[in-house]
Every structure is written in C-alpha cells, then in structure tokens.
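Results of the structural survey
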Amino acid sequence: MSEETWLAARLIPTSGINGAEEQERRATSALLAVMSAVREFGRVLTQSLGAPAGTVQTFIEVPFKLGNQQLFPDGLIRVTRGQRQWTALVEVKTGGNALKTEQLEAYLDIAREQGFDALITISNEIAPIPGQHPTAIDRRKLRKVALYHLPWTEILTQAVIQKEYRGVADPDQAWILGELIRYLEHPRSGALEFSDMGPAWVQVRDGVSAGTLRAGDSGAADVAGRFDALIRYACLRLGRQLGTDVTPALSRRDLTDPAARTQTLVNQLVTTGTLTGSIRIPGAVGHLQVTADLRAGQISCHVDVDAPRTGRPTTRVNWLIRQLKDAPESVRIEAFAMHARGGGATDLLRQVRTEPTTLIADPARELRAFRVAQTTAAGTKRGSGRGAFIDSVLHAIDDFYEQIIQNLKPWMPAPPRLRTPDDVTPVQPVAASLVSTAISSQDSPDFDTPPTRVANSAIGSDSEE
C-alpha cells in the first residue's frame, strides 16, 4: 500500500466522534487543555475577558450544587497571579446547537454563589455587535458576574494569528497550538463557520423584491441582525488571512445601543432594499464599505480615498490610476471636487485609463477625494455554497481587498529639499562687489524676491551721493 494513503497521527483526532455530546466534550477538552499548555494563546483569550496575566489552569465538567440540582458546566478556567485569582465557568456548544437561557442563568447563579468572576459561552452563534451576547439573559443576574461570548470562529482566528503572526516562544507549544487549529478546521469538530441567514431570509428577500416589506415585520429584524453577524464573521475570516485584528467599523452609538443599529438597518431595508456594513482594516487607506442591494441582486464594495493636496486635477487622477494598474476594468471610480455638493464625475476604470479627464467635471475646482467601487452579483440562497448570499458577500469582500484596497496607499507630500547657493541666480549680471544678498532663512524655497532688486537700490543710492 502506498504511503500516500497513510493518515498522520494527530494529537486531537476527529475520528470516533459520535453525536453532539461527544463533539462538545472533545472540543471543550481540547481547547481548555491548549489554553493551559500554550501560554501566549491562553493569555490572548483571557485578557479581553478581564483576567490578569498569570498561570492558567483549566478543568472540565466540574460538579456544582444549585439547590437540589447537581449541575456540570462544561469547563472552568482559573488564572492566578500572586494572591489574586480570576475564575470563570465555561459553557460550550458545537454544530448548530444554540445556547439556552435557562442553563446560562443557572450557571450565573452558581458563579455568584461561588464568588466566581465570569461565565464564558462558546458556540457557533455570532452576535451582531462585538461585546453583545447572542442569548437574552435577565440582566439582574449580571450584577456580580460578567457574561462573555466567544464564537468558535473568533477562537480559531486568534489561534491562527498567534501561531503564524505573533509567534509562540516554545516550538513544542507552537506545534500543540497547530494541532488545535487542525482540529477546529476539520468539519467534524463542530466548530462550523457562518452558514445560515435564518428562517426569515426567503420571506424578507421576497418582500423586498415585491416592495411589501414593512418595518414591523418580525423577520426583518432577524435578517438585519444576521447581516451584521455576517459582517463580523467576514472580519474574523479576513483577519485570519491577514494576521491582524479586522473589526466592524461601528459608531459609539451603535456599540452602546445595538437595538438602534438593528432598527436603522431595518428601516434602510424597507425604504431602499439595501443592507450596509463597514470594515476597519489596520493600515488600509480607508474603511471597506459593503452594500447588499436585495432589489437589484448586487453586492457593492467601495473605499473612499483622499486625493493628493497638490498638483493639477489630471495629476491627481493619474496618481490613483497608477495604483490600480492590476484592478479589473469594471471597477467604477467617482471623483469629488472641493466645495461641490452631491456626487461627482464617475466612469469605469477602462475609460479613465485612456482619458483621465472624464473624472474632471470642472477644471477650476480641486479634487478632494475618490471613491473606488466594485459590484458583483448577489446570491439568493439562505445557506452557504454556490448561489448563496453568504458566499457572495464573503467573496466580494475578499476580492475587493485583494484587487484594490491592499494596493492603495494614502498620498504623502514630498519632503522639502535643502537649498544651495546655486538656487540663487540674479536676473541680470551684477558686479560681485555690489551684490549685498545671500541665501537666508527668511527666503522662500522658490526664492520669489530676486537679489538684483536690492542690488539696483544700492546702485541708485551710490549715484545720489
């Protein structure tokens, strides 16, 4: 038998997983064990939850009494630094299993009785807004115990970034972290990716197309929330590829009042048939804006770029075109003039390359910014795969970043040049004994005042004497 058919031994095998209970137990044990074994990985997951930097200990299925009940949370994490201890219960779900309100509230009661600091939930559910929990909980139970949620996608993203980009000091620990990554990426692990727009998707999609959707429709809020969750998932997915923290670009109001953000999306969906999101990528020239037009069946991605502050309008257009040399010809560019209202001149990249002046509506006005946009077809299915809405959004974001954003750099003014005596040239020959000027710190770089003017005044004063 050829060695090509041999299967390599894995530290965390996926074989032998029978049922959801076994899947959750194995995922919990694997994750918590690696958190305690790989110091850097354990720290990066616990620091955002308020834990101190210290030794991480992990346990699974710890028994607790709550009244007459015997309960077994999936895990427990304890971080010790000197005399201080931080302890959190852990509840894990895999596959399509959702977190249950009654179960979480019971674990919050246990944590309060035991004096623990937090309850951490892990599942494939992704909250629309970072920091928001996907399960409705009685807020009175959160007075003394904090509640945090980590999607499996976020855990996988942090594991990849830590191993491939930030680094792990110990080679053996790096290998262990790599085994966890292999396990979580396997389809049988239960750490699934975002794959469903929800049961209300078809109804809302058809309502938008027919113009019958109303703001009070129950499914509209669900679809709006799932779209925000999709944008957050796209951020985690892109960040895993780039090795950096990519996050949704949300206002302070959106972060503090997620319900208002969802209602804004619902109103937008009803009036214009669109859903919009924004992605913040460290080092990028601007935010990646995403617009899903359900009426037109299109996904549009765009980025706004500040134009150079010097040069003629044509020079500023050419500056942008040079950076888009590898972009598709179907990319649309819009130019905005200074102090102009409304949209600016717009055209496709293929036309702008041959005739840059098509973006210059008024040569007397300076160009202040450009918008670079790309439009692709939107899928219609609620799930994932070919023809699905989710995949069409993810592919549009990835392609736009790869073909456009990563190639754009912000304009930077040229550094000032040092002046030399050769830069000072008189307009007409003057005797060396009569020249009373030399380069000075008060002279402008282009030397607007000719030295001969001073020399001529000197000649005039000599003749009067």
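The structure reproduced in this document is the subject of the present report. Since the structure is predicted, the reported quantities are computational estimates derived from the model, not experimental observations. (Residues numbered from 1 in each chain as written. Predicted model: local features only at pLDDT ≥ 70, side-chain atom pairs only at ≥ 80, totals over all residues. Heavy atoms only, no water.)

1. Looking at the nonpolar core
Inclusion rule: We define a nonpolar core as any set of buried Ala, Val, Leu, Ile, Met, Phe, Trp, Tyr and Cys residues linked to one another through side-chain atoms lying within 4.5 Å. For every residue, the accessible area obtained with a 1.4 Å probe (protein chains only) is divided by the maximum for its type, and the residue is called buried under 20%, exposed over 50%, and partly exposed between those limits. To qualify as a helix, a DSSP run of H or I must reach at least 4 residues; to qualify as a strand, a run of E must reach at least 2; elements of each kind are numbered from the N terminus. Contact criterion: two residues are considered in contact whenever any of their non-hydrogen atoms come within 4.5 Å of each other.
Among the nonpolar cores identified, the biggest contains 65 residues, and Leu230, Ile279, Leu288, Leu324 and Phe389 are the most heavily contacted of them. Counting residues per element, this core draws most heavily on helix α7 (residues 218-242), which supplies eleven residues. Setting aside anything within four residues of it in sequence, one finds Leu324 in contact with Ile333, Leu349, Arg353, Val372, Ile404 and Leu408. The next biggest cluster of nonpolar side chains, apart from the first, holds 38 residues, and it includes Ile12, Val34, Val38 and Trp86.

2. Some thoughts on the packing of α7 against helix α9 (residues 258-272)
The cut-off we apply is this: Every axis corresponds to a line fitted to the C-alpha atoms, with the helix fit spanning only the stretch in contact, and the corresponding angles, defined between N-to-C directions, vary from 0 to 180 degrees. Orientation labels follow simple angle bins: below 35 degrees gives roughly parallel, above 145 gives roughly antiparallel, 65 to 115 gives roughly perpendicular, and whatever is left gives oblique. Helix crossings are classified by the rotation of the near helix relative to the far one: an anticlockwise turn of less than a right angle makes the crossing left-handed, while a clockwise turn makes it right-handed. Note on residue categories: nonpolar means Ala, Val, Leu, Ile, Met, Phe, Trp, Tyr, Cys or Pro, charged means Asp, Glu, Lys or Arg, and polar means any other residue, Gly included.
Between α7 and α9, whose axes approach to 9 Å, the crossing angle comes to 110°. Comparing the axis directions of α7 and α9 gives the class roughly perpendicular. Between α7 and α9 the crossing geometry is right-handed. Between α7, through Ala220, Ala221, Ala224, Gly225 and Asp228, and α9, the contact on the second element is made entirely by Arg261, Thr262, Leu265 and Val266. In terms of residue class, the contact of α7 with α9 is built from five nonpolar, two polar and two charged.

3. Focus: the sheet that holds strand β10 (residues 288-293)
Heads up, the condition is: DSSP calls a pair of strands paired once it identifies at least 2 bridges connecting them.
Spatially, β8-β9-β10-β11-β14-β12-β13 is the arrangement adopted by the seven strands of the open sheet, whose pairing is antiparallel. With partners counted over all chains shown, the strands left at the sheet margins are β8 (247-248) and β13 (345-348), one partner each. Where β10 and strand β11 (residues 298-306) come together, five bridges link them in antiparallel fashion. When the bridges of β11 are listed, Val290 appears paired with Cys301. α7 rests against β8, β9 (274-280) and β10 of the sheet, and its axis sits at about 25° to β9. Contacts from helix α12 (residues 389-403) reach β9, β10, β11 and β14 (367-377) within the one sheet, and its direction differs from that of β11 by about 25°.

4. A short note on the packing of aromatic side chains
Threshold: Stacked, edge-to-face and tilted labels apply to pairs of Phe, Tyr and Trp rings (six-membered ring for Trp) whose centres lie within 6.5 Å, assigned for plane angles under 30 degrees, over 60, and everything in between, in that order.
Throughout the structure, instances matching the rule amount to three aromatic pairs. Between Phe64 and Phe116, the aromatic rings sit 5.9 Å apart at their centres with planes inclined by 75°, giving edge-to-face as the arrangement. Pair noted here: Phe64 is in strand β2 (residues 64-66) and Phe116 is in the loop between α3 (101-114) and β6 (118-123), with a separation of 52 residues, a long-range link. With relative accessibility at 10%, the residue Phe64 sits in the buried group. Taking the relative accessible area as the measure of exposure, Phe116 reaches 11% and is therefore buried.

5. Re the pattern of salt bridges
Condition: Between Lys or Arg on one side and Asp or Glu on the other, a salt bridge is scored when a side-chain nitrogen of the former is within 4 Å of a carboxyl oxygen of the latter.
Inspection of every chain in the model, using the stated rule, returns 22 salt bridges. A salt bridge links Lys163 to Glu164; the shortest N-O distance between them is 3.2 Å. Where Asp362 meets Arg365, a salt bridge forms, and the shortest distance between an N and an O atom there is 3.7 Å. A relative accessible area of 35% means that Arg365 is categorised as partly exposed. Where salt bridges share partners, they join Glu21, Glu22, Arg25, Arg26 and Glu61 into one cluster.

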